[in-house]
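# Observations on chain architecture
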Amino acid sequence: MAPGERRALKKRIVLSNPNALEIEGMVDLSAETMVDSRLRGTVLGLPMPMIDQLRAVEAFKPKQGWSIFRRPGTVLRRDTIEMGRLVEQISGEGDKPQKGKVAKKIINGMKGSGKSVHLLQAMAMAFLKKWVVITVPDARELVCANTAYTAVEGTKPLQYIQPNAVSALLKRTVEANRELLAELKVSQNHPSLPMLQPGSTLEELAKLGFADPAISWAVFQAFWAELTASAPAAGLEKGFVPRPPMLVTVDGLAHWMTESEYRDADYNKIHAHDLYFVKHFLSLLKEGDSLKNGGLLLYATSLSNNPNPLALSIALDRLTAHQAGISASSPEYPNPAAYSGADERVLELLKPAEKAISPVELQTLEGITRDEARGFYEYFALSGLLRDSITDQWVGQRWSLSGGGIIGELEKLGRRFRAASA
Amino acid sequence: MAWHKPNGLTQAMQSLRLTSAISNSSINASRPTFNALRTRTYATETEAVSIPAAAAPEIDFVSFSQKPARIIPASRAYFSGSPRFIDALLELEALQARHAGLPTVAPAEAPRMAWFKLPQFRDFVGEPVPNKKYKSLVKILQQLNRIQPEFLPADVRDTLNKFLRPGNPYSKEIVPRTVDESGLARGKAKRKESHAVVQLVEGEGEVLVNGKNIVNVFSRLHDRESALWALQATQRLDKYNVWIKVKGGGVTGQAEAITLAVGRALLMHEPGLKPVLRKAGVITVDPRRVERKKPGHVKARKMPTWVKR
């Protein structure tokens, strides 16, 4: 086996099964269908031209079961429609437009409850609305000491840059958002990038970081400044286009809430918050409009390979309590036990603000309803994977066995019965 | 201290001393027999005959036949080791022989009797009766019990009653548990080391195990299916809500304890499902436990590897 082959096999993503039937009249996800509550419970296909973009931002995960269907599609569940409405709102459309709004969400939920697919749906919607999509598909890759890091001199405590990771981020962002970035011109001064040609596009700016990882962090900072610019700098007004809203997603947030596997010069572990890359994305959660042109921050936790830091679970409990209206002085408010050593930096970062303009919201994904499950299984049947007649009772049984509509479990059950009936 | 080592000389001296002491005393005259005993002569000498021996009274042969010459045991089985058991057995056999001609009923129609259990019977007779022998006795009891009740002789009834456990266990009828006033059925069951308590109410198919989602407790689909098998096999999974407490043992044991408990709780709601549930294998208890380890063995049965030396 050639080097890297096994890893490539492990990471291989198959999005189509030619043996599955093609569904006639399958509705695609579009700006109209993503908010249509009449379609709730149906499986909407992801638009075929968008698949490459979604692949570029690594929206698909290897074990998600795309490979049993003819083409990738996702269930339009309640949370999806709500998110669709939010995306519409932020884009300045729909019933209650709120252009420039920033929504910050931490997505939590049981294993298999559809957190990663929720992020994928957000990405698909953002692509539909011509947003800039920036993703961190696996937060763990930034802290597991697999990518190079260099200390930034003069910082205290010492901070670190991961040039190759930043370079990869720029690459996937450009690949996914090429059309959009090619239209946006540089509108700010970037003295740290003297090689930047005046009047170049953001695509060209980002490309500077591809070739030379040494300057990738500076390029990323410039890129970010451009995307969040609300007005052009003096002398660069020519051809300024208002920046679109942004979608920022991170999957596997827990890995960023503890110490990383990197070591400093004294061989002490480096805290994940001391990595510039991580710090940048976490700082977006802080109070205030971190995305100047509006947008959506979706940071999902993951239960596979979960370091399960104590501080994060307390912080999430606090967010839940805050959302339930429990004040910080109340005895029911979750606090770390004495001597538990919960990470103060994490608790401080995710502390629920009393009166926030754009507070961090905790969204817990539950199981889907029976009606949604029925639509999901009808999709199986139409694809030729199920030969049973789908009745309410049949769906109800699967719904109970899957722990109340946990969609990952429903999918496993669907696969299993396919094997049984074949 | 010469008593300890008597020889000819010391004995002679002793007799002399005793003779002189007693002849000097005042009680000499009142106790002649004692004196005569003490002044016993040696065997080589001829004994002076004083009184002629009295003859035994004449044997009265009339009264002799009434009195035993030695003590005779009450039971003929006295020397058998378990006389009371054998007596009981003989008594029952005699009864059986005497009443062999009476009409009988089918075994199923005979009145239900709670005979002594073996340890109780051993206490009753006070003898170590082996199981097999007691079984043969119970068999006779059952045969006697099959005599039609209207023809049952009083002596048989009295004898049979002697072998009944105190406090007739079959006197009170077993009341089947029912759903309580809030519509809740409670079932308990064990399997291996696990113990499950299930509360079943009519609902929409929500399941909670120890307050957690069933997926988190049983990550294997097989365990989930086996835990809810009673409901799934009867197509009731979407008609009841299940609230489960389970502890002890491993994952499989817990799942199978839940199976049984859910089946019992479901029977309270719908007793008519019993044949279906029995067919689904939810009624039958699996009483197996881990076999104990034995000395000389590595586990219950495994022997250590043979080593040449």
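Just so you know, these numbers come straight off a predicted model, no measurement behind them.

## What about helix α6 (residues 163-176) of chain A?
At 3.6 residues per turn, the α-helix brings residues three or four places apart onto the same side. Over its 14 residues, α6 of chain A runs 20 Å from end to end, which matches the ideal 20 Å to within 8%, given 1.5 Å per residue. Three or more residues of α6 of chain A are buried, namely P163, A165, V166, S167, L169, L170, T173, V174 and A176 of chain A.

## Overview of the interface of chain A and chain B
Reports of interface size often rely on the accessible area that becomes lost once the parts have come together. At the interface, 14 residues of chain A touch 15 residues of chain B. Secondary-structure elements contributing two or more residues to the side of chain A that touches chain B are α14 (392-401) and α15 (407-421) of chain A. For the side of chain A that touches chain B, the leading source of residues is α14 of chain A, giving six residues.

## Remarks on the packing of α6 of chain A against helix α8 (residues 202-211) of chain A
Residues and elements named next belong to chain A. As a packed pair, α6 and α8 sit with axes 8 Å apart at the nearest point and diverge in direction by 145°. Two packed elements cross with a definite hand, and for α6 against α8 that hand is left-handed. Only E203, A206, K207, G209 and F210 of α8 make contact with α6, whose side of the interface consists of V166, S167, L170, K171, T173 and V174. Residue classes in the contact of α6 with α8 are distributed as five nonpolar, three polar and three charged.

## Things to note about the sheet that holds strand β3 (residues 102-109) of chain A
Residues and elements named next belong to chain A. Pairing in this open sheet of five strands is parallel, and the strands run β4-β7-β10-β3-β11 from one edge to the other. A single partner strand is all that each edge strand has here, and the edge strands are β4 (132-136) and β11 (360-365). Adjacent strand axes in the sheet meet at a mean angle of 20° when their direction is disregarded. As defined by bridge partners, β3 adjoins β11 across six bridges and the pair is classed as parallel.

## Quick look at the packing of helix α3 (residues 78-90) of chain A against helix α4 (residues 115-128) of chain A
Residue and element names in this part refer to chain A. Two elements in contact, α3 and α4, have axes separated by 10 Å at closest approach and are oriented at 35°. Helix-helix and strand crossings are classified by hand; for α3 and α4 the assignment is right-handed. On α4, the residues that touch D79, T80, M83, G84 and V87 of α3 are H118, Q121, A122, M125 and A126. Classifying every residue of the contact of α3 with α4 gives five nonpolar, four polar and one charged.

## Some details on the nonpolar core
Nonpolar side chains in soluble globular proteins tend to be buried together. Grouped together as the largest cluster of nonpolar side chains are 141 residues, with contacts concentrated most on M123 and V133 of chain A together with I258 and V262 of chain B. Of the residues forming this core, the biggest block, ten residues, is contributed by α4 of chain A. Setting aside residues no more than four positions away along its own chain, I258 of chain B makes contact with A196, V198, A227, I244 and V246 of chain B. Membership of the second largest hydrophobic core comes to ten residues, among which are A88, V129, L141 and I147 of chain B.

## A few points about helix α11 (residues 251-269) of chain B
Its 19 residues give α11 of chain B an end-to-end C-alpha distance of 27 Å, which sits within 8% of 27 Å, the value for a rise of 1.5 Å per residue. With 14 of its 19 residues buried, α11 of chain B lies for the most part within the structure.

## Examining unusual backbone geometry
Residues and elements named next belong to chain A. The linkage connecting K156 with the following residue, P157, adopts the cis geometry, with an omega of -5°. Relative to the helices and strands, P157 is located in the loop between β5 (150-152) and β6 (159-161). Here the phi dihedral of N308 falls at roughly 50°; this positive angle occurs in a residue that is not glycine. As for its placement among the helices and strands, N308 is situated in the loop between β10 (295-300) and α11 (310-323). Judged by the 11 C-beta atoms lying within 10 Å of it, N308 is exposed.

Criteria and thresholds
- Residues numbered from 1 in each chain as written.
- Chains lettered and ligands numbered in written order.
- Predicted model: local features only at pLDDT ≥ 70, side-chain atom pairs only at ≥ 80, totals over all residues.
- Helix = DSSP H or I, 4+ residues; strand = E, 2+ residues; numbered from the N terminus.
- Expected span 1.5 Å × (residues − 1).
- Buried ≥ 20, exposed ≤ 12 C-beta atoms within 10 Å, placed from the backbone.
- Contact = placed C-beta atoms within 7 Å.
- Axes fitted to C-alpha atoms, helices over the stretch in contact; angles between N-to-C directions.
- Left-handed = near helix turned anticlockwise from the far one by under 90°.
- Nonpolar A, V, L, I, M, F, W, Y, C, P; charged D, E, K, R; others polar.
- Pairing = 2+ DSSP bridges.
- Core = buried A, V, L, I, M, F, W, Y, C linked by C-beta atoms within 7 Å.

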